[in-house]
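Architecture at a glance
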Amino acid sequence: MGEIAIEVDGLRKSYDGVEAVRGLSFGVERGEVFGLLGPNGAGKTTTVEILEGYRERSAGEVRVLGHDPQVRDRELQQRVGIVLQSCGFYPRLTVREAVEHMAKAYPRPRDPRETIDLVGLGEKADARSNKLSGGQRRRLDLALALVGDPELVFLDEPTTGFDPAARRAAWGVIDTLKDLGKTVLLTTHYLDEAQALADRVAIVKDGAMVAEGPPSDLGPSSAGYRVSYLAGGRRVEHQTDDPTDLLHRLTGDAIARGEPLEGLEVARPTLEDVYLELTESARCDVEQEPRQR
Ligand SMILES: Nc1ncnc2c1ncn2[C@@H]1O[C@H](COP(=O)(O)OP(=O)(O)OP(=O)(O)O)[C@@H](O)[C@H]1O
Ligand SMILES: [Mg+2]
């Protein structure tokens, strides 16, 4: 076990008697990228904002870099960078002014110009932030979180609204943070993003944990491989634990019929499949049986 950056033990949060977080426990090691996943209203932002010190918890223990974030502490604030789910701090400032302003809040900031370039806003450095597009504003949010060169970064849906190229660029930025040994707590609804970036993920539903582990280790309860092909223009899918045997049978039958097996695909379940299985309460399972899609 490495050194712990974030510890959450039995965290609870009620809003007017409604429990948004119901006994969450997890830990994030230093240098780790940890993904918090879950449906809308699962309690991700509530949890992240408690860790950031923006919200008080109702019960449970929380430690961020050894501090209780509820006790507002300048030293802790200077070691942490934050992208809130909804932002837009300084509508009248230019990108450069906003980033330079934020840099002043930190003892050893990054170079503001370099940070603006890092998030791909170089050409917009002199634009007012209220004149940016949605995705550009989100990039500014990322620059504001990174300019202090923090050791721990909270990113609540950092790439929502990004175009595909910008999302890949942001992944590059987050990978760079990881290479620099920073700790990242990330929420996202993009499961490919979690799969690409996170060392470990926690899947949260109704304020409670339903699964935790490295994305590749979160196996679905249903069969491990999907084998599919086209028959009469429709895709037929089988789920199986033993693709070798199934493929032998399918291809053998096709060869015997003298027909090719069109559009043959063999796939492992993605993190998205696992996520949907764990978070959807009513899902029609068709294990082992062929199904059409
Ligand atoms: N300030 C608040 N007052 C009352 N209820 C709140 C407040 N903030 C959040 N909630 C409720 O707490 C629950 C969890 O909300 P939260 O924002 O933490 O979810 P989330 O997992 O971040 O969802 P999303 O994916 O939509 O961002 C929701 O049911 C929400 O309505
Ligand atoms: Mg949220």
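What counts as what
Residues numbered from 1 in each chain as written. Chains lettered and ligands numbered in written order. Predicted model: local features only at pLDDT ≥ 70, side-chain atom pairs only at ≥ 80, totals over all residues. Near = placed C-beta within 6 Å. Helix = DSSP H or I, 4+ residues; strand = E, 2+ residues; numbered from the N terminus. Nonpolar A, V, L, I, M, F, W, Y, C, P; charged D, E, K, R; others polar. Domains from an automatic or database assignment. Pairing = 2+ DSSP bridges. Axes fitted to C-alpha atoms, helices over the stretch in contact; angles between N-to-C directions. Contact = placed C-beta atoms within 7 Å. Buried ≥ 20, exposed ≤ 12 C-beta atoms within 10 Å, placed from the backbone. Core = buried A, V, L, I, M, F, W, Y, C linked by C-beta atoms within 7 Å.

What follows is about the site of ligand 1. The environment of ligand 1 is made up of Tyr 15, Ala 20, Gly 38, Asn 40, Gly 41, Ala 42, Gly 43, Lys 44, Thr 45, Thr 46 and Gln 85. If you tally residues by element for the shell around ligand 1, the top one is helix 1 (residues 44–52), at 3 residues. Of the residues that constitute the shell around ligand 1, the class distribution is 3 nonpolar, 7 polar and 1 charged.

Take the domain arrangement of the protein next. When the domains of the protein are assigned, the result is domain 1 (4–217) and domain 2 (225–292). Taking only C-alpha atoms into account, the centre of domain 1 sits 38 Å from that of domain 2. For the side of domain 1 that touches domain 2, the elements supplying multiple residues, two or more each, are helix 7 (191–197), strand 8 (200–205) and strand 9 (208–213). Counting residues per element, the side of domain 1 that touches domain 2 draws most heavily on helix 7, which supplies 3 residues. When the residues that make up the side of domain 1 that touches domain 2 are grouped by side-chain class, the tally is 8 nonpolar, 2 polar and 1 charged.

We now examine the pairing of strand 1 (residues 4–15). Judged from the 9 bridges that link them, strand 1 and strand 2 (residues 18–29) form a sheet pairing that is antiparallel. Across the sheet, Glu 7 pairs through a bridge with Gly 27, a residue of strand 2. Following strand 1, the chain reverses through 2 residues before pairing antiparallel with strand 2; Asp 16 in that reversal takes a positive phi of roughly 45°. Note that strand 1 and strand 4 (residues 59–64) share 5 bridges and pair antiparallel. Looking at the pairing, Asp 9 lines up with Glu 61 of strand 4.

Sheet architecture is open: 3 strands sit in the order 2-1-4, paired in antiparallel fashion. Two strands in the sheet have a free side with no partner beyond their single neighbour: strand 2 and strand 4. Ignoring which end each strand starts from, the neighbouring axes of this sheet average 15° apart. Packed onto the sheet, helix 1 meets strand 1, strand 2 and strand 4 and runs at close to 120° relative to strand 1.

What follows is about the environment of His 101. Mapped onto the elements, His 101 comes out in helix 3 (residues 95–103). Among the residues examined, His 101 registers 15 C-beta atoms within 10 Å and is labelled partly exposed. Separated by 48 residues in the primary sequence, His 101 and Asp 149 place their C-alpha atoms 14 Å from one another.

Core analysis: the largest hydrophobic core is formed by 60 residues, its most contacted members being Ala 143, Phe 154, Val 184 and Leu 185. Looking at this core, the element that brings in the most residues is helix 5 (residues 134–146), giving 6 residues. Shared between two domains, this core holds at least three residues of each, these being domain 1 (4–217) and domain 2 (225–292). If sequence neighbours within four positions are ignored, Phe 154 has contacts with Val 48, Leu 51, Glu 52, Val 80, Ile 82, Val 83 and Leu 185.

This next bit is on the sheet that holds strand 3 (residues 33–37). Pairing in this open sheet of 6 strands is mixed, and the strands run 5-6-7-3-8-9 from one edge to the other. Edge positions in the sheet fall to strand 5 (80–83) and strand 9, since each of these pairs with one other strand and no more. Going from strand to strand, the sheet's axes swing by 15° on average, the running direction of each strand aside. Of the strand pairs in this sheet, strand 5 and strand 6 (residues 152–156) are connected by 4 bridges, and their pairing is parallel. Bridge pairing in strand 6 places Ile 82 opposite Phe 154.

Backbone geometry at Asp 149 places phi at a positive 50°, although glycine is not the residue there. Relative to the elements of secondary structure, Asp 149 occurs in the loop between helix 5 and strand 6. Backbone geometry places Glu 157, a non-glycine residue, at a positive phi of 50°. Within the secondary structure, Glu 157 sits in the loop between strand 6 and helix 6 (164–179).

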